[in-house]
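Chain and residue survey
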Amino acid sequence: MDVELRQLRCLVAIVDEGGFTDAAIALGVSQAAVSRTLASLERALGVRLLRRTSREVAPTATGLRVVAHARRVLGEVEGLVREAASGQSSLRIGYAWSALGRHTLAFQRAWAAAHPATDLELVRANSATAGLAEGVCELSVVRRPLVERRFDSAIVGLERRLCAMAADDPLARRRSVRLADLAGRTLLVDRRTGTTTTELWPPDARPRTRESHDIDDWLTTISTGRCVGMTAESTAHQYPRPGVVYRPVRDAEPIAVRLAWWRDDPYPAAAAVIELLTGLYREK
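Residues numbered from 1 in each chain as written. Predicted model: local features only at pLDDT ≥ 70, side-chain atom pairs only at ≥ 80, totals over all residues. Heavy atoms only, no water.

**Quick word on unusual backbone geometry**
- With phi around 55 degrees, Ala-130 is a residue other than glycine that occupies positive phi space.
- Considering the arrangement of structural elements, one finds Ala-130 in the loop between β4 (118-124) and β5 (139-142).
- The exposure class of Ala-130 is buried, given its relative accessible area of 1%. (Helix = DSSP H or I, 4+ residues; strand = E, 2+ residues; numbered from the N terminus. Buried < 20%, exposed > 50% of the residue type's maximum accessible area, 1.4 Å probe, protein only.)

Below, the structure is given as structure tokens:
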């Protein structure tokens, strides 16, 4: 079986651009070349990767898995080229909303001091795996368990749950709140990467929910007073915002902070990262 990088780039471009025409523009080739390259990849793999209709092009179930692997392969190749060109290795760590909160700067400085030959880059990627499945990082910081068996993870610390609310919200006058105080409110959640679900409340006292997909939109909406949010304390450290205050939720369980990696291809420096992060969270 011969699978080439150009075939993987072509597949990812079709999915990202939403069709053959835009993929051809992005790749700088003809639409016919895109069609031929995809067909050759499907023949090499022996599976159909895309469903084509008059309205859209969408990955099949198998195509979704192949695209995820293709992103990973292309990301690793880009890293290989970058390291070969610079003569210095690099480590990319993904995160969805807030990296490591108040520990972020300390981690970056400690890593630079202990591993000067390996550049550390923190990459924001708002996906369930914080960029790991997409191939944009070698390790990722996540705050909810990854259920897929292709990933492994280790808990490096715990963070309190905080309620984010408008500065003029009546609850903002309190030093802390309880889950029951939020039962009648509208909770702004990110279902892809967030750590808060209505299951934190009893079935008969759950708040209404509204969905958000971006930290800036989340904060902007909360500042209007229409919604409240719950998040890890790292968000408060990394995203202070005029008009928004954070208060501890004293009867909510803490949030586990995990470092994640590919189970079948663990990053060599993962143990060193875990040791450093565990020490920083232990100092709290």
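**With respect to the packing of helix α5 (residues 104-114) against helix α8 (residues 270-282)**
- Between α5 and α8, whose axes approach to 11 Å, the crossing angle comes to 135 degrees. Here α5 lies oblique to α8, going by the angle between them. The hand of the α5/α8 crossing is right-handed. Between α5 and α8, the contacting residues are Ala-106, Phe-107, Ala-110 and Trp-111 on the first element and Ala-272, Val-273, Leu-276, Leu-277 and Leu-280 on the second.
- Here the contact of α5 with α8 is built from residues that sort into 9 nonpolar, no polar and no charged. (Axes fitted to C-alpha atoms, helices over the stretch in contact; angles between N-to-C directions. Parallel < 35°, antiparallel > 145°, perpendicular 65-115°, else oblique. Left-handed = near helix turned anticlockwise from the far one by under 90°. Contact = heavy atoms within 4.5 Å. Nonpolar A, V, L, I, M, F, W, Y, C, P; charged D, E, K, R; others polar.)

**Quick notes on the sheet that holds strand β12 (residues 255-262)**
- With mixed pairing, 5 strands are arranged side by side in an open sheet as β4-β3-β5-β12-β6. With partners counted over all chains shown, the strands left at the sheet margins are β4 and β6 (151-159), one partner each. Taking the axes of each pair of neighbouring strands and ignoring which way they run, one obtains an average angle of 25 degrees across the sheet.
- On top of the sheet, α5 reaches β3 (89-95) and β4; it is set at about 155 degrees to β4, its chief contact. (Pairing = 2+ DSSP bridges.)

**Re the nonpolar core**
- Counting residues in hydrophobic clusters, the biggest one holds 19 residues, and the most contacted among them are Ile-93, Phe-107, Leu-139, Val-141, Leu-259, Val-273 and Leu-277.
- Broken down by element, the residue count for this core peaks at 5 residues, all from α8.
- In contact with Val-273, other than residues within four places in its own chain, are Leu-91, Ile-93, Phe-107, Trp-111, Leu-139 and Leu-259. (Core = buried A, V, L, I, M, F, W, Y, C linked by side-chain atoms within 4.5 Å.)

**A few points about the side chain of Ser-212**
- Checked against the element boundaries, Ser-212 lands in the loop between β9 (208-211) and α6 (215-223).
- A polar contact of 3.4 Å, which involves the side chain of Ser-212, links it to the backbone oxygen of Asp-214.
- Each residue touching Ser-212, except ones within four places of it in the same chain, is listed here: Leu-188, Val-189, Asp-190, Asp-217 and Trp-218. (Polar contact = N/O pair within 3.5 Å; in protein donor to acceptor, adjacent residues only side chain to side chain.)

**Describing the pattern of salt bridges**
- Considering all chains together, one arrives at 17 salt bridges under this definition.
- We note a salt bridge from Arg-72 to Asp-265, for which the minimum N-O separation is 3.4 Å. Highlighted residues: Arg-72 in helix α4 (residues 61-86) and Asp-265 in the loop between β12 and α8, separated in sequence by 193 residues.
- For Arg-72, a relative accessible area of 10% gives the class buried.
- Residues Arg-143 and Glu-159 are paired through a salt bridge, measuring 3.1 Å at the closest nitrogen-oxygen approach. Of this pair, Arg-143 sits in the loop between β5 and β6 while Glu-159 sits in strand β6; the two residues are 16 residues apart in sequence, bridging distant segments of the chain. By the burial criterion, Arg-143 is buried, and Glu-159 matches it.
- One network of salt bridges, in which partners are shared, links Arg-72, Glu-76, Asp-264 and Asp-265. (Salt bridge = Lys/Arg side-chain N within 4 Å of Asp/Glu carboxyl O.)

**Examining the packing of aromatic side chains**
- Per the stated rule, a full pass over the model turns up 3 aromatic pairs.
- Ring centres of Trp-97 and Trp-218 lie 5.1 Å apart, and the angle between their planes is 70 degrees; on these two criteria the pair is classed as edge-to-face. In this pair, Trp-97 is assigned in the loop between β3 and α5 and Trp-218 in helix α6, connecting sequence segments 121 residues apart. Just as Trp-97 is buried, Trp-218 falls in that class too.
- With a centroid separation of 6.4 Å and 45 degrees between ring planes, the pair formed by Phe-107 and Trp-111 is classed as tilted. Here Trp-111 and Phe-107 lie together in helix α5, a separation of 4 residues that amounts to about one turn.
- Judged by its relative accessible area of 1%, Phe-107 falls in the buried class.
- Overall, Trp-111 belongs to the buried group, its relative accessible area being 2%.
- The ring centre of Trp-262 lies 3.7 Å from the NZ or CZ of Arg-72, which sits over that ring. (Phe/Tyr/Trp six-rings, centres within 6.5 Å; stacked < 30°, edge-to-face > 60°. Lys NZ or Arg CZ within 6 Å of the ring centre and 35° of its normal.)

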